[in-house]
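Next come the chains, spelled out residue by residue.
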Amino acid sequence: MSTATKVATIEWKENKCILVDQTRLPLDIVFLECETAEQVWAAIKRLSVRGAPAIGIAGAYGLYLGVAQSKVTDFDSFLKEVNKVGDYLIDARPTAVNLSWAVERVIALVKQNANESVEAIKEKMLQEAHVILEEDRQMCRQIGEHAAALFQDGDGVLTHCNAGGLATAEYGTALSGLFRAKELGKNLHVFADETRPLLQ
């Protein structure tokens with residue numbers, strides 16, 4: 001979907017979770033470089049990252065960042081640290097379903113690999129965060145394929161709240177259908193209303 005946003009709103013680069021600070025939009029595009037669970041927690045808490053899928057992806061990376069530098073070598077001690085960081089991150093936005101889902105998914109992976117070394121588990125945690133991000137990209141593409149069939153040339157669409165790549169890994173859920181419809185040559189009128197609390 002070439003019409004999707006060209007700005008990566010959430011990505012992993014150079015051992016950091018890079019997020020667009022949505023509190024600075026639309027006037028400025030500012031990137032937050034999160035190297036710790038505390039920085040991810042703050043980004044979620046202050047609404048710098050918004051949209052259920054994006055929050056979940058950030059949480060998965062935050063969990064890894066929270067234990068990446070751990071010095072413990074036995075599984076039980078490591079799991080205790082993982083659970084502590086997981087609870088901490090979920091507390092940033094307790095009502096965000098994708099946040100708890102993603103964090104708990106990575107914790108489940110840790111438990112499934114209890115016989116591995118702690119360093120190997122850390123690497124699997126990071127890979128799982130990458131998988132969660134990629135799954136979201138693919139899911140949004142599939143939503144776009146199905147949703148585009150619902151639109152006729154000249155239709156009008158009202159969007160509400162965060163939409164597109166700001167809320168997800170790349171294409172968005174609702175907007176992916178609009179992007180795909182455009183690629184198919186359909187001309188749509190899109191009305192983006194103002195939403196609260198931060199005029200997203």
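Source: prediction; values computed, not measured.

K.L.:
I'm lost on unusual backbone geometry in this one. Help?
P.N.:
The general pattern is negative phi for most residues beyond glycine and trans for most peptide bonds. The step from Leu 25 to Pro 26 runs through a cis peptide bond, and the omega angle for that step is 5°. Mapped onto the fold, Pro 26 is located in the loop between β2 (16-20) and β3 (31-34). The backbone phi angle of Asn 15 is positive, close to 60°, even though this residue is not glycine. Mapped onto the fold, Asn 15 is located in the loop between β1 (10-13) and β2. Residue classification places Asn 15 among the exposed residues on the basis of a relative accessible area of 54%.

K.L.:
Explanation requested: the pattern of salt bridges in the structure shown.
P.N.:
Note that side chains of opposite charge can pair when their charged atoms are close. Counted according to the given criterion, the structure contains twelve salt bridges. For Glu 11, the salt bridge goes to Lys 13, with nearest N and O atoms at 3.7 Å. Look at Lys 13 and you get partly exposed, because its relative accessible area is 45%. The residue Asp 28 makes a salt bridge to Arg 24 at a minimum N-O spacing of 3.7 Å. According to the relative accessible area criterion, Arg 24 is partly exposed, its value standing at 38%. Overlapping salt bridges bring together Glu 134, Arg 137, Arg 141 and Glu 170 as one network.

K.L.:
For this particular structure, what's the right way to read the pairing of β1?
P.N.:
Along any regular strand, the residues point their side chains to alternate faces of the sheet. Of the two faces of β1, the one lined by Ile 10 and Trp 12 is fully buried and the one lined by Glu 11 and Lys 13 carries no buried residue. Between β1 and β2, which pair antiparallel in sequence order, lie two residues; one of them, Glu 14, sits at a positive phi of approximately 55°.

K.L.:
Honestly, the packing of aromatic side chains in this entry has me stumped. Any pointers?
P.N.:
Here a ring pair, both rings aromatic, is described through the centre-centre distance and the interplanar angle of the planes. In the structure shown here, the tally under the stated rule is three aromatic pairs. Note on Trp 12 and Tyr 61: the rings are 5.0 Å apart at their centroids and 15° apart in plane angle, and the pair reads as stacked. One end of the pair, Trp 12, is in strand β1; the other, Tyr 61, is in helix α2 (residues 52-67), with 49 residues separating them in the sequence. Look at Trp 41 and Tyr 88: their rings are 5.6 Å apart centre to centre, the planes differ by 15°, and that puts the pair in the stacked class. Note that Trp 41 is positioned in helix α1 (residues 37-45) and Tyr 88 in helix α3 (residues 75-92), a separation of 47 residues in sequence. Classification of Trp 41 as partly exposed rests on a relative accessible area of 22%. On the basis of relative accessibility, which here comes to 29%, the residue Tyr 88 falls in the partly exposed class.

What counts as what
Position numbers for residues start from 1 in each chain and track the written sequence from start to end. Only residues with pLDDT of at least 70 get local features here, since the model is predicted, and only at 80 or more are side-chain atom pairs given and counted; chain-wide, interface and lining totals rely on the full set of residues. Hydrogens and water are ignored here; the side-chain numbers use all heavy atoms of the structure. Per the convention used, a helix needs a DSSP run of H or I reaching at least four residues, while a strand needs a run of E reaching at least two, with both numbered from the N terminus. Buried means the residue's accessible area, taken with a 1.4 Å probe over protein chains only, is under 20% of the maximum for its type, while exposed means over 50%, and partly exposed covers the values in between. We define a salt bridge as a side-chain nitrogen of Lys or Arg found within 4 Å of a carboxyl oxygen belonging to Asp or Glu. Any two strands with at least two DSSP bridges between them are considered paired. Working definition: a ring pair exists when centres of Phe, Tyr or Trp rings (six-membered ring for Trp) sit within 6.5 Å. Plane angles under 30 degrees give stacked, over 60 give edge-to-face, the rest tilted.

Just geometry here; none of it tells us what the structure is for.
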